[in-house]
Amino acid sequence: MDTVIYKATEENIKKCAEIIKNGGLVAFPTETVYGLGANALISKSVKDIYAAKGRPSDNPLIVHIADKRTVFEIAKTVPPLALKFMEAFMPGPVTAVLPKKSIVPDVVTGGLDTVAIRMPQNEIARTLISLSGVPVCAPSANTSGKPSPTCAKHVYFDLNGKIPAILDGGDCTVGVESTVIDFTAGAPRLLRAGGMPVETIEKVIGPVTVVRNSKVALCPGMKYKHYSPDADVFMAVPGKDIKQRMADAFDKAESEGKKAVIIAMSELKDSFENRKVWDAGKDCESYAHNLFAFLRKADDEKYSVVICQGVEEKGMGASVYNRLIKAAGGKTI
Ligand code: AMP
Ligand code: MG
């Protein structure tokens, strides 16, 4: 199968919406990362997503909608706090987990009786979903286990030949996946840190249960290897000697004949003399925006060791930390 990259013109969005409606797969831009979309109501199409990504079948997909009213067509109940959450944050980089109606095929939810729902902010995504006329289920449009794609080129690299179409809407603004909140088990619970800081959500809906450093997977996807480039990634734990630890790790790698690169935030980036450094930006929003692209660039440019500056787990820092520790497979310095 030839994979066509379509510029996101009105006509091409329409063409891609037809593909989805008729059961085909389309990768499309959202503000978080690129998604790989299919008609959520056709089980065969949903199965094709798992096959194209090589994704384990018990890792459920998020259902993307273009209109909040669709929530009531796919969720059995919507508790008052979930309504408040939807009012405040949808469209946006968030996902709500709710009890599902039977119209949602089991293959979408990995057999769970709950469904994850998201309404993207990105106009191209919303137009595509709206024109397709159906709920669109979509995981990130990468090969399972690899860093999520934040531009059309990343999607093409992973899925060329496996899907008919990629809708190119440029770079994703946020750069990490949505914040997932579960409303099905008593108090709202954070299942995945993401594009919307949990502190901002708590200002609107009150306390959200946050389990940090959990050894148990909170949501099905979390038990799998994630966000990993081929290069070996290390995360430097924040602390006063962080620069030294990063520099030492870099020197050790190079002394072993490995090509190494440091990913550091702007304030640290000049501390490493003539070592190779990529600037992640001045805050955790920029770090989130750049991280996946850097992890892919490391593979592209044949680096074998990537030393990343770790960050505190607050605000967007929580999302960056989560991606870093997974990309590193838990390896810290
Ligand atoms: P991604 O594959 O990157 O799009 O991630 C989707 C995330 O949403 C995964 O971590 C899933 O485990 C999570 N998710 C999707 N549906 C549900 C659900 N019904 N309950 C809990 N988590 C879910
Ligand atoms: Mg993913």
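Because the structure is predicted, anything quoted here is derived from the model rather than measured. (Residues numbered from 1 in each chain as written. Chains lettered and ligands numbered in written order. Predicted model: local features only at pLDDT ≥ 70, side-chain atom pairs only at ≥ 80, totals over all residues. Heavy atoms only, no water.)

A. Region of interest: helix α10 (residues 317-327). Of all 11 residues in α10, 10 are buried; the element is thus mostly enclosed. Taken as a whole, α10 has its buried residues at Gly317, Ala318, Ser319, Val320, Tyr321, Asn322, Arg323, Leu324, Lys326 and Ala327. Against β10 (189-192), β11 (232-236), α9 (284-300) and β14 (305-309) lie the buried residues of α10. (Buried < 20%, exposed > 50% of the residue type's maximum accessible area, 1.4 Å probe, protein only. Helix = DSSP H or I, 4+ residues; strand = E, 2+ residues; numbered from the N terminus. Contact = heavy atoms within 4.5 Å.)

B. Region of the structure containing the sheet that holds strand β2 (residues 26-28). One open sheet holds the 10 strands; their spatial order is β1-β8-β2-β3-β7-β4-β6-β5-β9-β10, and the pairing between them is mixed. The open sheet has two free edges, formed respectively by β1 (4-7) and β10, since each of these has just one partner strand. Each strand of the sheet is rotated relative to its neighbour by a mean of 35 degrees, with strand direction disregarded. Sheet analysis places strand β9 (residues 179-182) next to β10, joined by three bridges and oriented antiparallel. What sits directly across from Asp182, in β10, is Arg189. Seen against the sheet, helix α4 (residues 80-89) touches β5 (94-99) and β9 and runs at an angle of roughly 155 degrees to β5. (Pairing = 2+ DSSP bridges. Axes fitted to C-alpha atoms, helices over the stretch in contact; angles between N-to-C directions.)

C. Structural context of the site of ligand 1. Close contacts around ligand 1 come from 17 residues, with Arg55, Thr114, Ala116, Arg192 and Gly221 the closest. Residue Asn59 places a side-chain N or O atom 3.3 Å away from an oxygen atom belonging to ligand 1. Within the side chain of Thr114, an N or O atom sits 3.0 Å from a nitrogen atom of ligand 1. Put simply, the parts of the chain that give the shell around ligand 1 at least two residues each are β6 (114-118) and β10. Considering every element that reaches the shell around ligand 1, the biggest residue donor is β6, with three residues. (Near = heavy atom within 4 Å. Polar contact = N/O pair within 3.5 Å; in protein donor to acceptor, adjacent residues only side chain to side chain.)

D. Highlighting the packing of α9 against α10. Viewed as axis vectors pointing N to C, α9 and α10 meet at an angle of 25 degrees, and their least axial separation amounts to 9 Å. With respect to each other, α9 and α10 are oriented roughly parallel. The way α9 lies across α10 gives a crossing that is left-handed. Contact residues: Cys284, Tyr287, Ala288, Leu291, Phe292 and Leu295 in α9; Gly317, Val320, Arg323, Leu324 and Ala327 in α10. (Parallel < 35°, antiparallel > 145°, perpendicular 65-115°, else oblique. Left-handed = near helix turned anticlockwise from the far one by under 90°.)

E. Geometry of the nonpolar core. Formed by 49 residues in total, the largest nonpolar core has its most connected members in Leu36, Phe85, Ile163 and Ile201. Every element with two or more residues in this core is listed here: β3 (35-39), α2 (43-53), α3 (71-74), α4, β5, β6, α6 (152-159) and α7 (198-205). Leave out the neighbours within four places in its chain, and Ile201 touches Phe85, Phe89, Val94, Thr179, Ile181, Met196, Gly206 and Val208. Counting 30 residues, the second-largest nonpolar core is a separate cluster that includes Val174, Trp278, Ala280 and Cys284. (Core = buried A, V, L, I, M, F, W, Y, C linked by side-chain atoms within 4.5 Å.)

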